[in-house]
Amino acid sequence: MSDDNSNSENGSSSKKNWLERLGQLFQGEPKSREELVEVIMDAGERELIDQDTQDMIEGVLEVSELRVRDIMIPRSQMVTVEKSQPVSSFLPMIIESTHSRFPVVNEDKDHIEGILLAKDLLQYGFGLTDEPFAIEKVLRPAVVVPESKRLDKLLKEFREERYHMAIVVDEFGGVSGLVTIEDILELIVGDIEDEYDAEESAEIRQISKRVYAVAALTDIEDFNEFFHTHFSDEEADTVGGMVMHAFGHLPAKGEQVEIEGFVFKVAHADRRRLLQLQVKIPDSQETSSSEPA
């Protein structure tokens, strides 16, 4: 009797599960993130949405799962201003970096005094004020967030509190990097290029004696001509393709790899491709010209 009841219950349960699945199929409503992703991919395959829209939706889902530590600019790559520096000392660095916001440090990067906005220096450079420059007068508060903070929550705070940069700290309170609102938005819409980025992408540009900015789409043939190198173009036509092959995966911003003595560091990248590289040449290497190609 109990066996019959047990079989009856199991059969009823199986029938119910089958009916539930059938109902979900007809409703067409995803019940999990995996099902939602499948719906989005299916919509893309059927051309109900274009590729850019699909990438943006997937980017939104990605942001909801990532933490600040996953996209932050690491401490070693932070461009900072020393509080005790005279403006004549750090102004060339500000102009060269083309950033708009700079953490101001006291002694080292674990002691952030605030944030300097490049635009706040304009009044001193164009004689709009008679007051002598003092960095304390233009210093803005630094927002501090933990590495473990979710990106979707940080994006909401960026919008509500109207700030664009946050200093990232580890569990011990030490500075581990920084993150900007642009870093999060690029996960959703892809790389955000401005006029400076467009200029960079069109040329090989010298940054210092041994460091160059190189667009990822630069032909390997042009790279070889400029740097007197002999990189093969059998596996890839562009420098970005060659670097991707050396990594064996799509590298993130800040990753670097050495190829025949040249150090290639990813300066800009989105979820699909490399955009800009920073190339450090060997000591003995000479270029064909001191001017950009």
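Reading the values: the criteria
Residues numbered from 1 in each chain as written. Predicted model: local features only at pLDDT ≥ 70, side-chain atom pairs only at ≥ 80, totals over all residues. Heavy atoms only, no water. Buried < 20%, exposed > 50% of the residue type's maximum accessible area, 1.4 Å probe, protein only. Helix = DSSP H or I, 4+ residues; strand = E, 2+ residues; numbered from the N terminus. Pairing = 2+ DSSP bridges. Contact = heavy atoms within 4.5 Å. Axes fitted to C-alpha atoms, helices over the stretch in contact; angles between N-to-C directions. Salt bridge = Lys/Arg side-chain N within 4 Å of Asp/Glu carboxyl O. Core = buried A, V, L, I, M, F, W, Y, C linked by side-chain atoms within 4.5 Å. Parallel < 35°, antiparallel > 145°, perpendicular 65-115°, else oblique. Nonpolar A, V, L, I, M, F, W, Y, C, P; charged D, E, K, R; others polar. Phe/Tyr/Trp six-rings, centres within 6.5 Å; stacked < 30°, edge-to-face > 60°. pLDDT = per-residue confidence, 0-100.

A. Structural detail: the pairing of strand β7 (residues 175-180). By the criterion of burial, β7 is predominantly enclosed, with six of the six residues buried. Note: strand β1 (residues 73-74) against β7, two bridges, orientation antiparallel. What sits directly across from proline 74, in β7, is glycine 177.

B. Geometry of the sheet that holds β1. Strand order in the open sheet formed by four strands is β1-β7-β6-β5, and the pairing between neighbours is mixed. Unpaired on one side and paired on the other, β1 and β5 (144-146) mark the two borders of the sheet. Here strand β6 (residues 165-169) runs beside β7; their pairing, made up of five bridges, is antiparallel. Paired with valine 168 across the bridge in β7 is glycine 177. Relative to β7, helix α8 (residues 151-161) is tilted by about 60 degrees, and along the sheet it contacts β5, β6 and β7. Running at roughly 60 degrees to β7, helix α9 (residues 181-189) makes contact with β1 and β7 of the sheet.

C. Region of the structure containing the pattern of salt bridges. In the structure shown here, the tally under the stated rule is five salt bridges. For arginine 75, the salt bridge is made with aspartate 110, and the minimal N-O distance between the two is 2.7 Å. You can see arginine 75 sitting in the loop between β1 and β2 (81-82) and its partner aspartate 110 sitting in strand β4 (residues 108-117), a full 35 residues away along the chain. Of the charged contacts, one joins lysine 83 and glutamate 113 as a salt bridge, the two residues approaching to 3.7 Å between their closest N and O atoms. With lysine 83 in the loop between β2 and α5 (87-97) and glutamate 113 in strand β4, this pair connects stretches of sequence that are 30 residues apart.

D. Structural context of the nonpolar core. Counting residues in each nonpolar core, the largest one holds 24 residues, and the members touching the most others are Phe223 and Phe264. Listed by contribution, the elements that provide at least two residues to this core are β9 (211-215), α11 (220-227), α12 (239-247), β10 (256-259), β11 (262-269) and β12 (274-280). Not counting residues within four places of it along the chain, the set of residues in contact with phenylalanine 223 comprises Ile204, Val214, Thr218, Thr229, Phe231, Val239, Phe262, Phe264 and Val279. Counting residues in each nonpolar core, the second largest holds 18 residues, with Leu66, Val68, Val145 and Ile181 among its members.

E. Representation of the packing of helix α3 (residues 51-63) against α9 within the structure. Between α3 and α9, the shortest axis-to-axis distance is 6 Å and the interhelical angle comes to 135 degrees. In terms of orientation, α3 and α9 fall into the oblique class. In this structure, α3 contributes Asp55, Met56, Gly59, Val60 and Val63 to the contact, and α9 contributes Ile184, Leu187, Ile188 and Val189. Along the lines of polarity and charge, the residues of the contact of α3 with α9 split into seven nonpolar, one polar and one charged.

F. Main features of the packing of aromatic side chains. Throughout the structure, instances matching the rule amount to twelve aromatic pairs. Aromatic side chains phenylalanine 223 and phenylalanine 231 sit 5.7 Å apart centroid to centroid with 55 degrees between the ring planes, which places their arrangement in the tilted category. Measuring from ring centre to ring centre gives 5.9 Å for phenylalanine 223 and phenylalanine 264, while their planes differ by 35 degrees; the resulting arrangement is tilted. Residue phenylalanine 223 is found in helix α11, and its partner phenylalanine 264 is found in strand β11; the two are separated by 41 residues along the sequence. Accessibility expressed as a relative area gives 1% for phenylalanine 223, which makes it buried.

G. A look at the confidence of the model for the protein. Of the residues in the protein, 79% reach a pLDDT of 70 or more, and the chain-wide mean stands at 79. Within the model, pLDDT remains below 50 along residues 198-202, and this stretch shows seven contacts once partners closer than five positions in the same chain are excluded. Confidence drops under a pLDDT of 50 for residues 287-293, and excluding neighbours within four residues, the segment shows 17 contacts in the predicted structure.

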